[in-house]
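Close look at the chain arrangement
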Amino acid sequence: YGEINVSEIDEADWANEWKKYYKPIVTSSVTVVPTWIKYEPAPDEKIMRLDPGMAFGTGEHATTRMCLEMMNVKGKRVIDVGCGSGILGIAAKICGAKSVYMCDIDAQAVEFATKNAELNNVVATIEKADLLEGEQQADFIFANITADILMRFSKSIGKHLRENGTIVLSGIIDTRLDEVIQCYESAGYQIVERMAIDDWRALKLKRA
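Below or above, wherever it landed, is the structure these notes cover. Note that this is a predicted model, so its numbers are computed, not measured.

Focus on the sheet that holds strand β10 (residues 200-207)
The sheet built from 7 strands is open, its strands ordered β6-β5-β4-β7-β8-β10-β9 with mixed pairing. The open sheet has two edge strands with one neighbour each: β6 (125-128) and β9 (189-197). Each neighbouring strand pair of the sheet contributes to a mean axis angle of 15°, computed without reference to strand direction. Sheet analysis places strand β4 (residues 77-81) next to strand β7 (residues 138-144), joined by 4 bridges and oriented parallel. Paired with I79 across the two strands is I141, which belongs to β7.

Printed below as a string of structure tokens:
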């Protein structure tokens, strides 16, 4: 037996309290620097300024870091589905993507992604939408969501992928990896790269 205590906290206090623990995140593609921290970049270091607000995507989480490490998008059209704070789409443009389309079903995520794109002088199409209902196509698709939604996408995401295109799936807890792989292999994809950080997994796929 135990005792449960319930109390209310000020959402604004929570939103600001975590900032003191957030540090710049260095990856092979970009360095993600929170807007409230001073940072002197090294020569040729690509910098992204970010204020995630209440949206997912600070760069600290393993699922996001793996996507940043798998980012090979120079000259390519990119889709970031479930964009959260916009970190992946913005990073793609900073890394030389030809164009970027970002969408999320959460209006708050779209708001912060738009603000972060403006903060980095990045031009991208950002909208509140479900990718499954759109007609956009890209050479490179990022889907950092959850295993259940990734599996739901497996049979339809292909219509958004241009010839010889690449998909990066992340947000997969290790216990769900085999299910995700089975769905995408059944849908005609093959794995060209795997990555693991802690209990999280990411996959890079092409059509078989």
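Describing the sheet that holds strand β3 (residues 47-50)
The strand order β1-β2-β3 describes an open sheet built from 3 strands, whose pairing is mixed. The open sheet has two edge strands, β1 (25-26) and β3, and neither has a second partner.

Observations regarding the side chain of S154
Mapping S154 onto the fold places it in the loop between α5 (147-153) and β8 (161-173). On the basis of relative accessible area, S154 is assigned to the buried category, the value being 5%. Leave out the neighbours within four places in its chain, and S154 touches C183, Y184, A187 and Y189.

As for the side chain of K204
Of note, K204 is situated in strand β10. Judged by its relative accessible area of 12%, K204 is buried. Looking at K204, its side chain comes within polar contact range of the main-chain oxygen of M70, at 3.3 Å. With residues near it in sequence (within four places) discarded, K204 still touches M70, F140, T166, I167, V168, Q190, I191, V192 and E193.

What to know about the nonpolar core
Within the largest apolar cluster, 34 residues are counted, with the highest numbers of intra-cluster contacts made by V32, L68, M71, V73, V78 and F142. For this core, the elements supplying multiple residues, two or more each, are β3, α2 (62-69), α3 (87-94), β5 (99-104), α4 (107-119) and β7. Ignoring anything within four residues of it in the chain, the contact list for M71 reads S29, L88, A91, A92, C95 and F142. Grouped together as the second largest cluster of nonpolar side chains are 24 residues, I157, V180, Y189 and L205 included.

Re the pairing of β3
By the alternation rule, side chains of β3 split into M48 and L50, which are all buried, and I47 and R49, of which none is buried. Alignment of strand β2 (residues 31-34) against β3, held across 4 bridges, turns out to be parallel. For V33, the partnering residue across the bridge sits in β3 and is R49.

What to know about the state of the cysteines
All told, the structure shown has 0 disulfides when counted by the stated rule. For the unlinked cysteine C95, the closest cysteine sulfur is that of C67, found at 13 Å. What makes C95 buried here is its relative accessible area of 15%. C67 provides the cysteine sulfur closest to C183, a residue in no disulfide bond, and the two sulfurs are 18 Å apart. Looking at C183, the relative accessible area reads 26%, which means it is partly exposed.

Re the pattern of salt bridges
On inspection of all chains with the given rule, the structure shows 7 salt bridges. With a closest N to O distance of 3.1 Å, E111 and K115 form a salt bridge. Of this pair, E111 and K115 both sit in helix α4, 4 residues apart, roughly one helical turn. Look at E111 and you get partly exposed, because its relative accessible area is 40%. Residues D130 and R152 are paired through a salt bridge, measuring 3.2 Å at the closest nitrogen-oxygen approach. Remark: R152 occurs in helix α5 and D130 occurs in the loop between β6 and β7; sequence separation between them is 22 residues.

Cut-offs applied
Residues numbered from 1 in each chain as written. Predicted model: local features only at pLDDT ≥ 70, side-chain atom pairs only at ≥ 80, totals over all residues. Heavy atoms only, no water. Pairing = 2+ DSSP bridges. Helix = DSSP H or I, 4+ residues; strand = E, 2+ residues; numbered from the N terminus. Axes fitted to C-alpha atoms, helices over the stretch in contact; angles between N-to-C directions. Buried < 20%, exposed > 50% of the residue type's maximum accessible area, 1.4 Å probe, protein only. Contact = heavy atoms within 4.5 Å. Polar contact = N/O pair within 3.5 Å; in protein donor to acceptor, adjacent residues only side chain to side chain. Core = buried A, V, L, I, M, F, W, Y, C linked by side-chain atoms within 4.5 Å. Disulfide = S-S within 2.5 Å. Salt bridge = Lys/Arg side-chain N within 4 Å of Asp/Glu carboxyl O.

These values are about where atoms sit, not about what they do.
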